[in-house]
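Coordinate inspection notes
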Amino acid sequence: MYSSVLLLSAYCGLSVAAGPFPWMYGVPDYPDLDMDEVMNQADIDFMVAAAEDSAIVSTTAQSTNSTRPSSTNGQEPCSIINRALVALPPGARPIVPAELGVQCLQSVPLDRDGNMRLVDDMMLFVRWQSNVAYLKNPPQEYTEQPIDIMGELGNLQTRLASNGFKNEYDFQMQTMGIYDRAYDNHFAWQPDILASAMQFQRPPGTELVSISTDGAAVPQIYAYRDVIKANNNTSFKPSPVKIIDGTNAQDYLANASTQGDFHDADTRWNALFPSQALIASGLTFLGAFRTGMYTGPNTTMQFENGTTLSMPNLAVVFGNFTGVDSGRAFFQRFCTGPQPVVQAPQQPSTPTENPTRATPTATPTPSHIGYPKAEIINPNLSVGGYYISGNGYEVRV
């Protein structure tokens, strides 16, 4: 997945992220997504059947595919997603079963050589991070586990060299996890295998809250919609969530909160739940529990009153899957970085009367997309230096 252009955009997250992770702050407000979209098993069966029917007419083309077929009845999972989206009726939301989504991601071949170079450049940037020594050997009062960022990156290269990763998805998730454990969302890396293509979500109705019944009792976990219903209907008494996917609800959520990247553990816990302040401000924030990494094909909750809620998890597709008929095609579409943008030529500035700095005789190449020409730049585009050269910004002594 190495790309000099990709490195620039990815590494922006090490200081100032270009935008929040699709999973960082809960379900995002993408213009084409419906937060109430529900998929049941009948929908899944219909979608897969439609994709399989479409596959009949393209058997010859599939037989020439150089990538080894994955599971899902011998078909390429990414190809099934492609055909399933085409088969959806006009206006339908671009969602597929989460299990099919992760099978597609797991079919993307590992770019071992590119990832080796990627980690080399990551190490160059990490040396600029001021607290890596602190993270490796924190003071006694530090509340998180120590992490040797440089050592972990070195371990990635060791595993790459020994074929220790099954696929590109495996590598990118492991890499993102290193930065997550620094618990600093200004020191982050976005995996393009997810950020460019799809987002995993739990189904609507699985939003949770942690509240006390009287303001003094220990908070318990409730379904958010049950609490809203109780506020509107005093005869309805919500039941606490007891078990999530086979694990005690409190323990499950405590473990899930460690995937957040906020400094404070309490903040990471609170981020799992809807934020009334953000909802009041007009933002779609339903809690990080609703969205994030792949957690399995279904979400199953058992309540203290004995009832059970179980629904399939979703993969929301926001990348263009046209022509993506294999894991290799997925890589070429989503994991090779943004395409260069042709920039309009800049008008030369008017020279000042007493310039104090000579204009460089040659402009270094290459340069960063969307930036002016650099005064000095690393050949792999990982670090560049710039002067502000417009009128009024002259360097004076």
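Residues numbered from 1 in each chain as written. Predicted model: local features only at pLDDT ≥ 70, side-chain atom pairs only at ≥ 80, totals over all residues. Heavy atoms only, no water.

1. A closer look at the confidence of the model for the protein chain
When the pLDDT values of the protein chain are averaged, the result is 79; 70% of them are 70 or greater. Counting contacts from residues 3–35, a segment whose pLDDT is below 50, to residues more than four positions away or on other chains yields 88 contacts. This model gives residues 55–71 a pLDDT under 50, and the stretch forms 21 contacts once residues within four places in sequence are excluded. (pLDDT = per-residue confidence, 0-100. Contact = heavy atoms within 4.5 Å.)

2. Quick notes on the nonpolar core
The nonpolar side chains of soluble globular proteins are, as a tendency, buried together. I149, L153, I193, F200, F321 and F330 are the most contacted members of the largest nonpolar core, which has 45 residues in total. The element best represented in this core is helix α9 (residues 168–180), accounting for six residues. Look past the residues within four positions of I149 in its chain and what remains in contact with it is V126, L135, I178, A182 and F187. Ranked by size, the runner-up nonpolar core spans 16 residues in total, among them I244, A249, Y252 and F303. (Core = buried A, V, L, I, M, F, W, Y, C linked by side-chain atoms within 4.5 Å. Buried < 20%, exposed > 50% of the residue type's maximum accessible area, 1.4 Å probe, protein only. Helix = DSSP H or I, 4+ residues; strand = E, 2+ residues; numbered from the N terminus.)

3. A short note on the packing of helix α6 (residues 112–126) against α9
As a packed pair, α6 and α9 sit with axes 13 Å apart at the nearest point and diverge in direction by 10°. Between α6 and α9, the angle is such that the two are roughly parallel. Here α6 contributes N115, L118, V119, M122 and V126 to the contact with α9, which in turn contributes E168, F171, T175 and Y179. (Axes fitted to C-alpha atoms, helices over the stretch in contact; angles between N-to-C directions. Parallel < 35°, antiparallel > 145°, perpendicular 65-115°, else oblique.)

4. Overview of the sheet that holds strand β9 (residues 308–312)
The sheet built from four strands is open, its strands ordered β6-β5-β8-β9 with antiparallel pairing. Unpaired on one side and paired on the other, β6 (247–248) and β9 mark the two borders of the sheet. Looking at chain direction, strand β8 (residues 298–303) and β9 are connected through five bridges and run antiparallel. Paired with M301 across the bridge in β9 is L309. (Pairing = 2+ DSSP bridges.)

5. Quick notes on the packing of α6 against helix α8 (residues 149–161)
Packing of α6 against α8 brings their axes to within 10 Å, and their N-to-C directions diverge by 170°. Considering their axes alone, α6 and α8 lie roughly antiparallel with respect to each other. Facing α6, whose interface residues are R112, N115, M116, V119, D120, M122, M123 and V126, α8 presents I149, M150, L153, G154, L156, Q157, L160 and A161.

6. A word on the side chain of S79
Relative to the helices and strands, S79 resides in helix α4 (residues 77–87). Relative accessible area serves as the criterion here: at 5%, S79 is assigned to the buried category. In terms of polar contacts, S79 uses its side chain to reach the side chain of R83, at 2.4 Å. (Polar contact = N/O pair within 3.5 Å; in protein donor to acceptor, adjacent residues only side chain to side chain.)

7. Observations concerning the packing of aromatic side chains
Per the counting criterion, the structure on display carries nine aromatic pairs. Measuring from ring centre to ring centre gives 5.4 Å for F165 and F171, while their planes differ by 90°; the resulting arrangement is edge-to-face. Here F165 falls in the buried class, since its relative accessible area comes to 6%. (Phe/Tyr/Trp six-rings, centres within 6.5 Å; stacked < 30°, edge-to-face > 60°.)

8. Re the side chain of N82
Locating N82 in the fold gives a position in helix α4. On the accessibility criterion, N82 (14% relative accessible area) is buried. When neighbours within four sequence positions are excluded, N82 is seen to be in contact with F321, T322, G323 and V324.

9. Here we look at the state of the cysteines
Within this structure, the stated rule accounts for one disulfide. One disulfide in the model links C78 with C104; its S-S distance is 2.0 Å. Looking down the S-S bond of the C78 and C104 bridge, the torsion is 95°, so its handedness is right-handed. Here C104 lies in helix α5 (residues 98–106) and C78 lies in helix α4, a separation of 26 residues in the sequence. Cysteine C335 shares no disulfide, and the gap to the nearest cysteine sulfur, in C104, comes to 9.7 Å. Owing to a relative accessible area of 0%, C335 belongs among the buried residues under this scheme. (Disulfide = S-S within 2.5 Å.)

10. A short note on the pattern of salt bridges
When the charged atoms of two side chains with opposite charge come close together, those side chains can pair. What the rule picks out here adds up to six salt bridges. Several salt bridges converge on common partners, so that one network encompasses E207, R225 and R290. (Salt bridge = Lys/Arg side-chain N within 4 Å of Asp/Glu carboxyl O.)

11. A look at α4
α4 sits mainly inside the fold: eight of its 11 residues count as buried. Every buried residue belonging to α4 is among P77, C78, S79, I80, I81, N82, R83 and A84, and all of these are buried.

12. Some words on the sheet that holds strand β1 (residues 95–97)
On the basis of which strands lie adjacent, the open sheet formed by four strands has the order β1-β10-β2-β7 and antiparallel pairing. Every other strand in the sheet has two partners, leaving β1 and β7 (291–292) as the edge strands with one partner each.

13. Describing helix α15 (residues 327–334)
Along α15, the positions that sit buried rather than exposed are G327, A329, F330, F331 and F334. Among the structural elements, α4, α5, α9 and α10 (192–195) are those in contact with the buried residues of α15.

14. Some details on the pairing of strand β10 (residues 314–317)
Sheet faces and side chains relate simply in a regular strand, where the side chains alternate between the two faces. Side-chain alternation along β10 places L314 and V316 on one buried face and A315 and V317 on a second face that is also buried. Looking at chain direction, β1 and β10 are connected through three bridges and run antiparallel. By the bridge assignment, I95 is partnered in β10 with V316. As judged from the four bridges shared by strand β2 (residues 198–201) and β10, these two strands associate in the antiparallel manner. Looking across to β10, one finds that M198 is bridged to V317.

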